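Reading the structure
The chain contents come next:
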Amino acid sequence: MSDLRIGPDGIARCGWVGDDPEYRRYHDEEWGRPLRGDRALFEKMSLEGFQAGLSWITILRKRPRFREVFAGFEPTTIAAFGDADLERLMGDAGIIRNRAKILATIGNARLVVQMAEGELDTLMWSFAPPARPEADRPAHLGAVPATTPASDALSTALRRAGFRFVGPTTMYALMQSAGMVDDHLVGCSFAGASGA
């Protein structure tokens, strides 16, 4: 059984998109497309960390405010955040006010600024598995894994480096959304668009 959904525009999409226009836009324009660069991947890592235990649509709807209060996810700026910034963020109803996740984002930014330019990008993409043939793409949502050996290895490497909120499930979600793997379902009009 396929878990595809035909949108009002007649286009077949992965069933998790549902009827939400913002989710549809995200699926069509961002999810599964290769994302490169330290800042962009740091943002993705941070937002995926905030998503843990919540739905992605919640994060997606709050993403503009996250970007505003976290200085566009510029690691150098976030690395300088102090106690006043923490309290400011904890008081902002426009984001997820989870102290541990906020502290992890600040701490992770401090780790990124200690790395050479491009090092985070190189590290994360080094765990991207080879592209798989169309026949091996998941046919239904139940066939999409929550973790893989590659996401386990990426999580382990990041945790060894001191990063937090980078568990294997969170890292697999990042790998999907950043185009390191292509988990568009068989028959999705966007399958293979990423080249992963």
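Right above here is the structure, for reference.
Here goes a summary of the coordinates provided. As the structure is a prediction and not an experimental result, all values here were calculated from the model. (Residues numbered from 1 in each chain as written. Predicted model: local features only at pLDDT ≥ 70, side-chain atom pairs only at ≥ 80, totals over all residues. Heavy atoms only, no water.)

The helix and strand tally for the chain stands at nine helices and two strands. Each helix and strand of the chain, ordered N terminal to C terminal, gives the series β-β-α-α-α-α-α-α-α-α-α. Projected onto its principal axes, the C-alpha positions of the chain cover 50 × 35 × 25 Å. Looking at the chain as a whole, 46% of its 196 residues are labelled buried. Long-range pairs, those at least 24 residues apart, make up 66% of the contacts in the chain with a sequence separation of at least 6. With an accessible surface of roughly 8,900 Å², the chain has 54% of that area assigned to carbon and sulfur atoms. Considering the chain, the positive charge centre built from 23 side chains and the negative charge centre built from 25 side chains are found 4 Å apart. (Helix = DSSP H or I, 4+ residues; strand = E, 2+ residues; numbered from the N terminus. Buried < 20%, exposed > 50% of the residue type's maximum accessible area, 1.4 Å probe, protein only. Contact = heavy atoms within 4.5 Å. Areas by Shrake-Rupley, 256 points an atom, 1.4 Å probe, with all protein chains shown as cover. Lys, Arg positive; Asp, Glu negative; His and termini not counted. Charge placed at Lys NZ, Arg CZ, Asp CG, Glu CD.)

A separate point is the side chain of D182. By the secondary structure assignment, D182 is in the segment after α9 (168-177). Reaching out from D182, the side chain makes a polar contact with the side chain of R137 at a distance of 3.1 Å. A polar contact is formed between the side chain of D182 and the backbone nitrogen of H184, at a distance of 3.1 Å. (Polar contact = N/O pair within 3.5 Å; in protein donor to acceptor, adjacent residues only side chain to side chain.)

All right, on to the packing of helix α2 (residues 38-51) against α9 then. The geometry of α2 relative to α9 is characterised by a closest axis approach of 9 Å and an angle of 135 degrees between their N-to-C directions. Taken together, the axis directions place α2 and α9 in an arrangement best described as oblique. By crossing handedness, the relation of α2 to α9 is classed as right-handed. Every residue of α9 that contacts α2 at L41, K44, M45, E48 and G49 is listed here: T170, M171, A173, L174 and S177. Here the residues of the contact of α2 with α9 are counted per class, giving five nonpolar, three polar and two charged. (Axes fitted to C-alpha atoms, helices over the stretch in contact; angles between N-to-C directions. Parallel < 35°, antiparallel > 145°, perpendicular 65-115°, else oblique. Left-handed = near helix turned anticlockwise from the far one by under 90°. Nonpolar A, V, L, I, M, F, W, Y, C, P; charged D, E, K, R; others polar.)

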